[in-house]
Amino acid sequence: MNDINKKQLNEYLSIFGKKKMQGLLRDYLAESTRAWERLDKITINEKRHIFHCWRSNSLVFGMENFSQMCTKIEDDLLNNRFTKASELIPVSKDCYQKSILKVIDVLRESKY
């Protein structure tokens, strides 16, 4: 469930290069860390926006499973299924963390 799409990640690597992708990942990690830290302190609409952004931004790194979870959470928040969304959030954080480790491994081993 925490696999990443290495083909997709490698496509972005071939376009941007390893150094640029590492920079993008650093920015993504910094923003994501701040978002995870404040997730319990923000409005439903702000949460929805965070998951909306993660849904698309994570695809650059091939994190398809995490992106799909973000889509579900965003949809649940939009449709007032707050209990369902709150149950998925910790699962999505675990998926995020495991996926990030795999992205780091691919970037470390990249030839680009």
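This write-up is about the structure you can find in this document. Owing to the predicted nature of the structure, the values given are computational and were not obtained by experimental measurement.

What counts, and at which threshold
Residues numbered from 1 in each chain as written. Predicted model: local features only at pLDDT ≥ 70, side-chain atom pairs only at ≥ 80, totals over all residues. Heavy atoms only, no water. Helix = DSSP H or I, 4+ residues; strand = E, 2+ residues; numbered from the N terminus. Buried < 20%, exposed > 50% of the residue type's maximum accessible area, 1.4 Å probe, protein only. Disulfide = S-S within 2.5 Å. Phe/Tyr/Trp six-rings, centres within 6.5 Å; stacked < 30°, edge-to-face > 60°.

### What to know about the environment of I104
- Within the secondary structure, I104 is located in helix 5 (residues 82-109).
- Taking the relative accessible area as the measure of exposure, I104 reaches 26% and is therefore partly exposed.

### A look at the state of the cysteines
- One pass over the full model with this rule turns up 0 disulfides.
- C53 carries a free sulfur, and the closest cysteine sulfur to it, the one in C70, is 9.9 Å from it.
- Residue C53 is classed as partly exposed on the basis of its relative accessible area of 26%.
- For the unlinked cysteine C70, the closest cysteine sulfur is that of C95, found at 8.3 Å.

### Quick look at the packing of aromatic side chains
- All chains considered together, the criterion is met by 11 aromatic pairs.
- A ring pair is formed by Y12 and F16, whose centres lie 6.1 Å apart and whose planes are at 15 degrees; its orientation type is stacked. Remark: F16 and Y12 occur in helix 1 (residues 6-16); sequence separation between them is 4 residues, near one turn of the helix.
- For Y12, a relative accessible area of 28% puts it in the partly exposed group.
- For F16, a relative accessible area of 39% puts it in the partly exposed group.
- Taken together, Y28, W36, F51, W54, F61, F66 and Y96 form an aromatic cluster joined through their ring pairs.

The analysis is restricted to geometry; functional conclusions fall outside its scope.
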